[in-house]
Amino acid sequence: MQSYELYADLMKKVLANVIYEDRPTFPFGMNVLDKAQADTMRPGAEGSAEKRGAFDVDHRAAGLDVPSVAHTMIGMRRLDNIQECVEQVLRDGVPGDFIETGVWRGGACILMRALLKAHGVEDRNVWLADSFAGVPVTSDDSHPLDRGMEFHNLNWVLSCSEEQVRENFARYDLLDDQVKFLPGMFADTLPSAPIEKLAILRMDGDLYESTMDALVNMYPKLSVGGFAIIDDYAIPACKQAVHDYRSEHGIDEPIETVDVTGVYWRRKH
């Protein structure tokens, strides 16, 4: 297994770009909800590179920056968590595909596909659900916690086209028939998604409504023994959606911590 372990480790390092150490889009600690401040970080803005600051290996490991080049912003620890969950469901034979709702540049799903390929698994798919245009624009009808954040103001950095994500997969020689795309808003695509069972449900939608859409439509398909992973638990809107859904459906599996924002639990019943 040494060659597998070396491959998996290198994949994570390349996906998070701890190899070439790209500058963050935002400096650590910046209030990214401040649109005026965020706009000064746009590529091409005067002095934007200096304002973004330098690469910090600890911030990247914990997923505490937004990379300018790397294919994922979730950091090394959450990539480790994905690997651990994938390997556990494969060892235990937990049936089902893998999905991420909210994929950005595709890095987390690229890792999932890489691990399946390294294990020679040909009967599971990796599903990518995303608008491929950033987070939904909030309105008066949106959940109050979502309205307060207005994350759509950051779509210049949070959006990534389906074409670009496909190209990113292709760069790793991992774009094949086991990679499935669900383009569009979760409320439109997830209810009719042609997925029978899931072994891993990874949610990275930031907002209350996006998180709830994923839970309502995908959690019932999660097999016993499968993993529910929440990327944005530190965001109050996301956390509230998780607790509302768990409370309504009597989910009592303990929530385990990955890092400062990532959590997960394993479905037991």
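Refer to the structure above for everything that follows.
The structure presented is a predicted model; accordingly, all values stated were derived computationally and were not measured.

Undergrad: Mind showing me how you'd approach the overall build of the protein here?
TA: Assigned secondary structure in the protein consists of 12 helices and 7 strands. Here the protein has a C-alpha radius of gyration of 18 Å; the compact-globule value for 269 residues is 18 Å, and the two agree. On the principal axes, the C-alpha backbone points of the protein span a range of 55 × 45 × 30 Å. A burial count over the protein gives 55% of its 269 residues as buried. Counted over contacts in the protein with a minimum sequence separation of 6, partners at least 24 positions apart contribute 74%. For the protein, the computed accessible surface area is about 12100 Å², with 49% contributed by carbon and sulfur atoms. Here the protein contributes 27 positive and 44 negative side-chain charges, whose respective centroids are spaced 3 Å apart.

Undergrad: Would you mind going over the pattern of salt bridges with me for this structure?
TA: Overall, the coordinates contain 13 salt bridges when judged by the stated rule. One salt bridge in this structure joins Arg-113 and Asp-176, with 2.7 Å as the shortest N-O distance. With Arg-113 in helix α6 (residues 107-118) and Asp-176 in the loop between α9 (162-171) and β3 (179-183), this residue pair connects regions lying 63 residues apart in the sequence. Via salt bridges that share partners, Arg-78, Glu-100, Arg-202, Asp-204, Asp-231 and Asp-259 belong to a single interconnected network.

Undergrad: Looking at this structure, how should I read helix α1 (residues 2-15)?
TA: Residues separated by three or four positions in an α-helix point in the same direction, a consequence of the helix having 3.6 residues per turn. Relative to the 20 Å expected for 14 residues at 1.5 Å per residue, α1 spans 20 Å between its end C-alpha atoms, a close match to the ideal helical length. Along α1, the residues classified as buried are Tyr-4, Ala-8, Met-11, Lys-12 and Leu-15. Buried residues of α1 fall within an arc of 95 degrees about the axis and therefore sit on the same side. Set apart from the buried face of α1 by more than 90 degrees, the exposed residues are Gln-2, Ser-3 and Leu-6. Buried residues along α1 sit in contact with α5 (75-92) and α6.

Undergrad: So what exactly am I meant to see when it comes to the packing of aromatic side chains here?
TA: How two aromatic rings sit relative to each other is given by the distance of their centres and the angle of their planes. Counting across every chain of the model gives 5 aromatic pairs. On the basis of an interplanar angle of 70 degrees and a centroid distance of 5.8 Å, the ring pair of Tyr-219 and Tyr-245 is categorised as edge-to-face. One end of the pair, Tyr-219, is in the loop between α11 (208-218) and β5 (222-230); the other, Tyr-245, is in helix α12 (residues 236-248), and 26 residues separate them in sequence. Among the aromatic residues, those joined into a cluster by ring pairs are Phe-132, Phe-169 and Phe-181. Above the face of the Phe-181 ring, Arg-166 is positioned so that its terminal group lies 4.1 Å from the ring centre.

Undergrad: Teacher, can you tell me more about the layout of surface pockets here?
TA: Where empty space is left in the structure can be found by rolling a water-sized probe over the atoms. In this structure, the second largest pocket occupies an estimated 210 Å³ of space. Every residue lining the second largest pocket is listed: Val-14, Asn-17, Val-69, Ala-70, His-71, Arg-105, Gln-164, Asn-168, Arg-171 and Tyr-172. No other element matches α9, which puts 3 residues into the lining of the second largest pocket. Among the residues forming the lining of the second largest pocket, the class breakdown is 4 nonpolar, 4 polar and 2 charged.

Undergrad: Looking at this model, I keep getting lost on the state of the cysteines. Mind explaining?
TA: Defined simply, a disulfide is a covalent bond joining two cysteines at their sulfur atoms. On inspection of all chains with the given rule, the structure shows 0 disulfides. Looking at Cys-160, it has no disulfide partner, and the nearest cysteine sulfur is the one in Cys-109, 12 Å off.

Undergrad: Looking at this structure, I do not really get the packing of α1 against α5. What am I missing?
TA: Relative orientation and spacing of two packed helices are given, respectively, by the angle between their axes and the distance between those axes. Where α1 contacts α5, the two axes come as close as 10 Å, and the packing angle between them is 140 degrees. Crossing of α1 against α5: the hand is right-handed. Judged by residue contacts, Tyr-4, Ala-8, Lys-12 and Lys-13 of α1 engage Met-76, Leu-79, Asp-80, Gln-83 and Glu-87 from α5. Taken together, the residues of the contact of α1 with α5 sort by class into 4 nonpolar, 1 polar and 4 charged.

Undergrad: What am I meant to see in a nonpolar patch on the surface here?
TA: A cluster of nonpolar side chains, namely Leu-10, Val-14, Ile-19 and Tyr-20, defines an oily patch on the protein surface of about 430 Å² accessible area. Its location among the elements puts Ile-19 in the loop between α1 and α2 (35-39).

Undergrad: Would you mind going over unusual backbone geometry with me for this structure?
TA: Across the chain, the bulk of peptide bonds are trans and the bulk of non-glycine residues have phi less than zero. The phi angle at Asn-17 is positive, at roughly 55 degrees, despite the residue not being glycine. With respect to the element layout, Asn-17 can be found in the loop between α1 and α2. A positive phi angle is found at Phe-132, which is not glycine, with a value near 55 degrees. Within the fold, Phe-132 resides in the loop between β2 (126-130) and α7 (144-149).

Quick notes on the rules
- Residues numbered from 1 in each chain as written.
- Predicted model: local features only at pLDDT ≥ 70, side-chain atom pairs only at ≥ 80, totals over all residues.
- Heavy atoms only, no water.
- Helix = DSSP H or I, 4+ residues; strand = E, 2+ residues; numbered from the N terminus.
- Rg over C-alpha atoms; globule rule 2.2 N^0.38 Å.
- Buried < 20%, exposed > 50% of the residue type's maximum accessible area, 1.4 Å probe, protein only.
- Contact = heavy atoms within 4.5 Å.
- Areas by Shrake-Rupley, 256 points an atom, 1.4 Å probe, with all protein chains shown as cover.
- Lys, Arg positive; Asp, Glu negative; His and termini not counted.
- Charge placed at Lys NZ, Arg CZ, Asp CG, Glu CD.
- Salt bridge = Lys/Arg side-chain N within 4 Å of Asp/Glu carboxyl O.
- Expected span 1.5 Å × (residues − 1).
- Arc of directions from axis to C-beta.
- Phe/Tyr/Trp six-rings, centres within 6.5 Å; stacked < 30°, edge-to-face > 60°.
- Lys NZ or Arg CZ within 6 Å of the ring centre and 35° of its normal.
- 1 Å grid on protein atoms, 1.4 Å probe; cavity = no way out; pocket = protein on both sides within 12 Å on 5 of 7 lines; lining within 4 Å.
- Points joined across faces, edges and corners; volume = space filled by probe spheres on them.
- Nonpolar A, V, L, I, M, F, W, Y, C, P; charged D, E, K, R; others polar.
- Disulfide = S-S within 2.5 Å.
- Axes fitted to C-alpha atoms, helices over the stretch in contact; angles between N-to-C directions.
- Left-handed = near helix turned anticlockwise from the far one by under 90°.
- Patch = residues over 30% accessible without salt bridge, like charges linked within 9 Å, V, L, I, M, F, W, Y side chains within 5 Å.

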